[in-house]
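Structural features, examined
Here's the letter readout for the chains.
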Amino acid sequence: MFWLAVAVSLLLVLLFETDVLLPGALADEVSVQFAVATAVELLTICSIPLAVRMFRFKKIRTDIKNGHYMKWALIRLALLATLLIGNTLLYYIYMNVAFGYMAIIVLISMVFIYPSESRMKSETAIEE
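All figures in this text were calculated on a predicted structure; none of them were measured in a lab.

Further remarks concern the overall build of the chain. When its secondary structure is counted, the chain shows six helices and zero strands. For the chain, the α and β elements follow one another from N to C terminus as α-α-α-α-α-α. With respect to the principal axes defined by its C-alpha atoms, the chain has extents near 50 × 30 × 15 Å. Looking at the 128 residues of the chain, the share that counts as buried comes to 35%. Looking at the chain alone, contacts between residues at least 24 apart form 73% of all its contacts between residues at least 6 apart.

In structure tokens form, the structure reads like this:
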């Protein structure tokens, strides 16, 4: 899912940069753009720490110890992957650099939750 989100974002960039899709289609909708930007900024700011620290919650730790690591790893990866694709799309729809910066920040944050085997071993060994 990590690489799928990156590939979809790169495909969006390619389609908008080659003018297959119309960039800036809603750039004139200033009031809607402000509301969307505010909502997505808040969502991004809240979701990144949640995704990074998700395995610190007691219910999730218990579920992980019961063998559901992959489910929770995919949930937190999907949380950030959705934001990455959404911010990339919104950047090109509104041509607002704030969305581009948030997409870059989410991409960097995704590196810290990439579900590798070593990360799985360290995260499943979380002590109470």
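Turning to the packing of helix α1 (residues 2-17) against helix α4 (residues 69-94), a few remarks are in order. Describing two packed helices takes the angle between their axes plus the distance from one axis to the other. Here α1 crosses α4 at 5°, and the two axes come no closer than 9 Å. The orientation of α1 relative to α4 falls into the category roughly parallel. Of α4, the residues touching α1 (which contributes F2, A5, V6, V8, S9, L12, V13, F16 and E17) are L77, A81, L84, I85, T88, L89 and Y92. The residue makeup of the contact of α1 with α4, split by class, is 13 nonpolar, two polar and one charged.

Turning to a nonpolar patch on the surface, a few remarks are in order. Residues V52, V97, Y101, I104, I105, I108, V111 and F112 make up a contiguous nonpolar surface patch of about 790 Å² in total accessible area. Top element by residues in the nonpolar patch is helix α5 (residues 97-111). It accounts for six residues. Mapped onto the fold, F112 is located in the loop between α5 and α6 (117-124). Owing to a relative accessible area of 55%, F112 belongs among the exposed residues under this scheme.

Position of S109 relative to the elements: it lies in helix α5. Accessibility expressed as a relative area gives 9% for S109, which makes it buried. There is a polar contact of 2.9 Å between the side chain of S109 and the backbone oxygen of I105. The residues touching S109, leaving out its near neighbours within four places in the chain, are I48 and L80.

Okay, the environment of M102 next. Counting through the fold element by element, M102 comes out in helix α5. Using a relative accessible area of 9% as the deciding quantity, one classes M102 as buried. Sequence separation between M102 and M1 is 101 residues; the distance between their C-alpha atoms is 19 Å. Residues contacting M102, with those up to four places away along its chain left out, are V40, E41, T44 and N87.

Next up on the list: the nonpolar core. Most often, soluble globular proteins have nonpolar side chains that are buried together. The biggest cluster of nonpolar side chains holds 14 residues, and the ones touching the most others in it are F2, A5, L77, L80, L84, V106 and M110. Mapped onto this core, the elements with two or more residues apiece are α1, α2 (30-53), α4 and α5. No other element matches α4, which puts five residues into this core. Setting aside residues no more than four positions away along its own chain, A5 makes contact with A81, L84, I85 and M110.

Calculation criteria
- Here the residue index of a chain counts from 1 through its sequence in written order.
- With pLDDT at 70 or above as the cut-off, local features in this predicted model cover only qualifying residues; side-chain atom pairs require 80 or more to be listed or tallied, and sums for whole chains, interfaces and linings still use all residues.
- Hydrogens and water molecules were not included; the side-chain quantities draw on all heavy atoms of the structure.
- Strands are runs of DSSP state E lasting at least two residues, helices are runs of H or I lasting at least four, and both sets are numbered from the N terminus onward.
- When a residue's accessible area, from a 1.4 Å probe over protein chains only, is under 20% of the maximum for its type it is buried; when over 50% it is exposed; and in between it is partly exposed.
- In this analysis, two residues are considered to be in contact whenever any of their non-hydrogen atoms come within 4.5 Å of each other.
- Angles shown run from 0 to 180 degrees and are taken between the N-to-C directions of axes, each axis being a line fitted to C-alpha atoms and, for helices, limited to the stretch in contact.
- Any angle that is under 35 degrees is reported as roughly parallel, and any over 145 degrees as roughly antiparallel; angles of 65 to 115 degrees are reported as roughly perpendicular and all others as oblique.
- Three classes are used: nonpolar for Ala, Val, Leu, Ile, Met, Phe, Trp, Tyr, Cys and Pro, charged for Asp, Glu, Lys and Arg, and polar for all others, with Gly counted as polar.
- Patch criteria: residues need more than 30% relative accessible area and no salt bridge. Like-charged residues are merged within 9 Å; nonpolar side chains of Val, Leu, Ile, Met, Phe, Trp and Tyr are merged within 5 Å.
- Areas reported as accessible are Shrake-Rupley estimates using a 1.4 Å probe. Residue values count occlusion only from the protein chains shown.
- By salt bridge we mean one thing: a side-chain nitrogen of Lys or Arg within 4 Å of a carboxyl oxygen of Asp or Glu.
- Counted as a polar contact is a pair of N or O atoms within 3.5 Å, where, for protein atoms, one must be capable of donating a hydrogen and the other of accepting one, and residues adjacent in sequence contribute only when both atoms are in side chains.
- Side-chain atoms within 4.5 Å are what join buried Ala, Val, Leu, Ile, Met, Phe, Trp, Tyr and Cys residues into a set we call a nonpolar core.

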